[in-house]
Amino acid sequence: MAKLRLFETPIQAKVKLKTMFPVLDEILREYCKTVTYWKVYTVNHTTVIFVKNNVETVVLLANPKVKINEAEVDFVKEKLLAEGDADKLHIPHEVREKYEKQHDKQYKDIVLLKQYTLD
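Here the structure is a predicted model, which means the values were calculated and not measured.

### Side note on the packing of helix H2 (residues 22–31) against helix H4 (residues 93–103)
It is the contact of H2 with H4, at a shortest axis distance of 9 Å, that shows an interaxial angle of 140°. On the basis of their axis angle, the class for H2 and H4 is oblique. For H2 against H4, the interelement crossing comes out right-handed. Judged by residue contacts, Pro22, Val23, Glu26, Ile27, Glu30 and Tyr31 of H2 engage Val95, Arg96, Lys98, Tyr99, Glu100, Gln102 and His103 from H4. In the contact of H2 with H4, the residues fall into six nonpolar, two polar and five charged.

Below, the structure written as structure tokens:
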């Protein structure tokens with residue numbers, strides 16, 4: 001496999017996450033209640049959304065064409081999350097389907113990494 005690189009995706013500050021990625025925004029609202037900071041990255045053709053609030057850091061990986069492989073997940077975990085354990089959730093097809101139908105956008109695979117912040 002080619003060397004993985006994390007690219008920051010330039011998005012205007014005025015744009016809302018819901019405008020850019022409506023399906024992913026709905027999923028984040030279901031699994032992560034508040035968002036105080038977010039940034040979008042790309043690894044290969046996988047969209048990576050980094051979300052932070054006062055109790056947790058969440059990274060959502062989504063790919064519309066292929067299944068997300070473990071190398072991508074491990075790479076993103078190493079680059080964006082702090083040392084320690086992170087919960088890994090594969091978003092069930094039923095949950096994805098509900099939002100994909102609403103917004104007419106399909107994803108082949110969506111993975112959510114969640115790490116709680118201890119202060």
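There's more to say after this.
### Here we look at the pattern of salt bridges
Per the stated rule, a full pass over the model turns up eight salt bridges. In this structure, Asp109 and Lys67 form a salt bridge, with 3.8 Å as the shortest nitrogen-oxygen distance. Here Lys67 lies in the loop between strand E4 (56–63) and helix H3 (70–80) and Asp109 lies in strand E6 (residues 109–116), a separation of 42 residues in the sequence. Given a relative accessible area of 57%, Lys67 falls into the exposed group.

Cut-offs applied
Residues numbered from 1 in each chain as written. Predicted model: local features only at pLDDT ≥ 70, side-chain atom pairs only at ≥ 80, totals over all residues. Heavy atoms only, no water. Axes fitted to C-alpha atoms, helices over the stretch in contact; angles between N-to-C directions. Helix = DSSP H or I, 4+ residues; strand = E, 2+ residues; numbered from the N terminus. Parallel < 35°, antiparallel > 145°, perpendicular 65-115°, else oblique. Left-handed = near helix turned anticlockwise from the far one by under 90°. Contact = heavy atoms within 4.5 Å. Nonpolar A, V, L, I, M, F, W, Y, C, P; charged D, E, K, R; others polar. Salt bridge = Lys/Arg side-chain N within 4 Å of Asp/Glu carboxyl O. Buried < 20%, exposed > 50% of the residue type's maximum accessible area, 1.4 Å probe, protein only.

Just geometry here; none of it tells us what the structure is for.
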